[in-house]
Amino acid sequence: TIEEVQDAVRRTASAGRQLKVVSLPESNSNRRFICPDQGGILINVFKMNQVLSRDVDEKRVTVQPGIRLVELSRYLNDHGLAITSIPDYTGVSVAGGMATGAHHSSLQFDSSIAGMAAEIKLVDGEGNLRVFAGDDVHQVAVNMGMLGIVVEVTLNVVEQFKLQYGSERGSDRYL
């Protein structure tokens, strides 16, 4: 829960320990940059993976950080909605993909997860719940986990659409 994340952050801060957050059953990266030193705390938000609400009229969905884009896409499809673009790596979580700038390609839609965010709730380094909306969202969306732990995200979605995929060979002179 959000309260459990807040409590863990407060305990970690008061003990002067380092903290790492992951949203996968096992971390994809064990680089020293993002791993806590020996004795650090690991918080895994993998089980915070639910759709909390959807607003069909506003075309928004609020989710927990650990939901995978592929799971969210299936859920939205069942309700006539879609995210505008999904990275090729479908195992990415909403919060992880947003924090790292995960994206796909589109000339029509915003193609990054961060660009779809309408509101972000995160727990800061002192355990306070912070809410970012409007223009502030874009200041904190791609954060590499340095601003806190994302605990909830509201995304802008669109009506379900069909996609034609293909390629053609030609000159790049007019690109």
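Check the entry above for the structure.
Thresholds applied
- Residues numbered from 1 in each chain as written.
- Predicted model: local features only at pLDDT ≥ 70, side-chain atom pairs only at ≥ 80, totals over all residues.
- Heavy atoms only, no water.
- Helix = DSSP H or I, 4+ residues; strand = E, 2+ residues; numbered from the N terminus.
- Buried < 20%, exposed > 50% of the residue type's maximum accessible area, 1.4 Å probe, protein only.
- Contact = heavy atoms within 4.5 Å.
- Arc of directions from axis to C-beta.
- Pairing = 2+ DSSP bridges.
- Axes fitted to C-alpha atoms, helices over the stretch in contact; angles between N-to-C directions.
- Salt bridge = Lys/Arg side-chain N within 4 Å of Asp/Glu carboxyl O.
- Polar contact = N/O pair within 3.5 Å; in protein donor to acceptor, adjacent residues only side chain to side chain.

## Notes on the overall build of the protein chain
- When you go through the protein chain residue by residue, the secondary structure sums to five helices and nine strands.
- For the protein chain, the succession of helices and strands along the chain, N to C, is α-β-β-β-β-α-β-α-α-β-β-α-β-β.
- Taking all 175 residues of the protein chain together, 38% fall into the buried category.
- Nonlocal contacts in the protein chain, meaning residues at least 24 apart in sequence, comprise 55% of its contacts between residues at least 6 apart.

## A closer look at helix α2 (residues 69-78)
- Burial in α2 covers these residues: Leu69, Leu72 and Leu76. End-on view of α2: buried residues confined to an arc of 60°, all on one side of the axis. Exposed side chains of α2 directed beyond 90 degrees from the buried face belong to Arg74 and Asp78.
- Packing partners of the buried residues in α2 comprise β3 (51-55), β4 (60-63), β5 (81-82), α3 (94-100), α4 (113-116) and β8 (149-156).
- One or two positions beyond α2, positive phi appears at glycine 80, with a value near 75°.

## Focus on the sheet that holds β8
- Strand order in the open sheet formed by five strands is β3-β4-β8-β6-β7, and the pairing between neighbours is antiparallel. Every other strand in the sheet has two partners, leaving β3 and β7 (129-133) as the edge strands with one partner each. The sheet shows a mean angle of 15° between the axes of neighbouring strands, direction not considered.
- Pairing of β3 with β4 involves four bridges; the strand directions are antiparallel. Across the sheet, residue aspartate 55 finds its bridge partner in β4, namely arginine 60.
- Across the face of the sheet, α2 comes into contact with β3, β4 and β8 while running at roughly 140° to β4.

## What to know about the pattern of salt bridges
- For the structure shown, the criterion picks out four salt bridges.
- With a shortest N-O distance of 3.5 Å, lysine 59 and glutamate 159 are connected by a salt bridge. Placement of lysine 59 in the loop between β3 and β4 and of glutamate 159 in strand β9 (residues 158-159) is noted, with a sequence separation of 100 residues between them.
- Looking at lysine 59, the relative accessible area reads 26%, which means it is partly exposed.
- Linking lysine 121 and glutamate 152 is a salt bridge whose minimum nitrogen-to-oxygen distance equals 3.3 Å. Of this pair, lysine 121 sits in strand β6 (residues 117-123) while glutamate 152 sits in strand β8, placing them 31 residues apart in sequence.

## Re the environment of aspartate 55
- With respect to the element layout, aspartate 55 can be found in strand β3.
- On the basis of relative accessible area, aspartate 55 is assigned to the partly exposed category, the value being 33%.
- Expressed as a C-alpha distance, the spacing of aspartate 55 and asparagine 156, which sit 101 residues apart in the sequence, is 9.7 Å.
- Only 2.9 Å separates the side chain of aspartate 55 from the backbone nitrogen of glutamate 58, close enough to count as a polar contact.

## Regarding the environment of glutamine 139
- Position of glutamine 139 among the secondary structure elements: in helix α5 (residues 135-140).
- What makes glutamine 139 exposed here is its relative accessible area of 61%.
- In the structure, glutamine 139 is positioned 25 residues away from alanine 114 in sequence and 10.0 Å away in space, judged by C-alpha atoms.

## Quick look at the environment of valine 158
- Along the polypeptide, valine 158 turns up in strand β9.
- C-alpha separation for the pair valine 158 and isoleucine 83, spaced 75 residues apart in sequence, amounts to 6.2 Å.
- Residues contacting valine 158, with those up to four places away along its chain left out, are Lys59, Gly80, Leu81, Ala82 and Thr84.

These figures come from the coordinates and say nothing about function on their own.
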